[in-house]
Amino acid sequence: MIDILEVYRVVSGIDTKVASIASDDAILANGIMSKNEVSVTVVTDTIPDIQEGDFIRVGGIKYKINRASEFADKSSVNHTTTYLFEAPEYTLIDKILTCLLYTSPSPRDRTR
């Protein structure tokens, strides 16, 4: 269980704190050959300025938001947001897949 998450953003090359999320609902999911991520859902009156690329540190590991977070408006003053912070290997996997997509021959080229 994680009580406080300090969220950082790199600004001019410096890790800058952009938000603190108090949450008893933060879940660290990790295992061998399995997920390695921190998921947290918060309910606030204003949507925090947390965006793709922002990160937290848990147990010395930097978990980063790699995709848009999920938002739901419960009312005009009650917003639910789910943030998914992913471990460094997710960024590596994304880069490998992107590289494969752009360097693999097309199916048409493979039949020649």
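Now for a description of the structure that goes with this document.

## Observations regarding the overall build of the protein
Then, in step 1: Counting secondary structure elements, the protein contains 2 helices and 7 strands.
Then, in step 2: Counting every position in the protein, which comprises 112 residues, the buried fraction comes to 28%.
Then, in step 3: Total accessible area on the protein stands at roughly 7,700 Å², and carbon and sulfur atoms take up 56% of it.

## Describing the nonpolar core
Then, in step 1: The biggest cluster of nonpolar side chains holds 16 residues, and the ones touching the most others in it are Ile 21, Val 40, Ile 56, Tyr 83 and Phe 85.
Then, in step 2: Those elements giving two or more residues to this core turn out to be strand 1 (2-11), strand 2 (14-30), strand 3 (36-44), strand 4 (55-58), strand 5 (61-65) and strand 7 (78-86).
Then, in step 3: When neighbours within four sequence positions are excluded, Phe 85 is seen to be in contact with Val 7, Glu 37, Val 38, Val 40, Asp 54, Phe 55, Ile 56, Tyr 63, Lys 64 and Ile 65.

## A word on the pattern of salt bridges
Then, in step 1: By the definition in use, this model includes 5 salt bridges.
Then, in step 2: Arg 57 serves as the salt-bridge partner of Asp 15, at 3.2 Å between the closest nitrogen and oxygen. Here Asp 15 is found in strand 2, whereas its partner Arg 57 is found in strand 4, with 42 residues between them in sequence.
Then, in step 3: Each member of the salt-bridge network shares a partner with another, and the members are Arg 9, Asp 49 and Asp 54.

## Things to note about the pairing of strand 6 (residues 70-75)
The two faces of the sheet receive side chains in turn, since in a regular strand these alternate between them.
Then, in step 1: Summarising burial for strand 6: 0 of the 6 residues are buried, a small minority.
Then, in step 2: Here strand 6 runs beside strand 7; their pairing, made up of 5 bridges, is antiparallel. Of the residues in strand 7, the one forming a bridge with Ala 72 is Thr 80.
Then, in step 3: Turn length for the strand 6-strand 7 hairpin, with the two strands adjacent in sequence and antiparallel, is 2 residues.

## Brief notes about the side chain of Asp 54
Then, in step 1: By the secondary structure assignment, Asp 54 is in the loop between strand 3 and strand 4.
Then, in step 2: Within the structure, the side chain of Asp 54 is placed 2.7 Å from the side chain of Arg 9, a separation counted as a polar contact.
Then, in step 3: Within the local environment of Asp 54, its side chain forms a polar contact with the backbone nitrogen of Gln 51, the two atoms lying 2.9 Å apart.

## A short note on the packing of aromatic side chains
Then, in step 1: In the structure shown here, the tally under the stated rule is 2 aromatic pairs.
Then, in step 2: Ring geometry for Tyr 8 versus Phe 55: centroids 5.8 Å apart, planes at 25°, classification stacked. Placement of Tyr 8 in strand 1 and of Phe 55 in strand 4 is noted, with a sequence separation of 47 residues between them.
Then, in step 3: A relative accessible area of 1% places Phe 55 in the buried class.
Then, in step 4: Between Tyr 83 and Phe 85, the aromatic rings sit 6.3 Å apart at their centres with planes inclined by 40°, giving tilted as the arrangement.
Then, in step 5: It is Lys 62 that lies over the ring of Phe 55; its NZ or CZ is 4.2 Å from the centre.

## Considering the pairing of strand 7
Then, in step 1: Here strand 3 runs beside strand 7; their pairing, made up of 8 bridges, is antiparallel. Within strand 7, the position partnered with Thr 44 by the bridge is His 79.
Then, in step 2: Bridge count between strand 5 and strand 7: 2 bridges; the pairing is antiparallel. When the bridges of strand 7 are listed, Ile 65 appears paired with Phe 85.

Definitions and cut-offs
Residues numbered from 1 in each chain as written. Predicted model: local features only at pLDDT ≥ 70, side-chain atom pairs only at ≥ 80, totals over all residues. Heavy atoms only, no water. Helix = DSSP H or I, 4+ residues; strand = E, 2+ residues; numbered from the N terminus. Buried < 20%, exposed > 50% of the residue type's maximum accessible area, 1.4 Å probe, protein only. Areas by Shrake-Rupley, 256 points an atom, 1.4 Å probe, with all protein chains shown as cover. Core = buried A, V, L, I, M, F, W, Y, C linked by side-chain atoms within 4.5 Å. Contact = heavy atoms within 4.5 Å. Salt bridge = Lys/Arg side-chain N within 4 Å of Asp/Glu carboxyl O. Pairing = 2+ DSSP bridges. Polar contact = N/O pair within 3.5 Å; in protein donor to acceptor, adjacent residues only side chain to side chain. Phe/Tyr/Trp six-rings, centres within 6.5 Å; stacked < 30°, edge-to-face > 60°. Lys NZ or Arg CZ within 6 Å of the ring centre and 35° of its normal.

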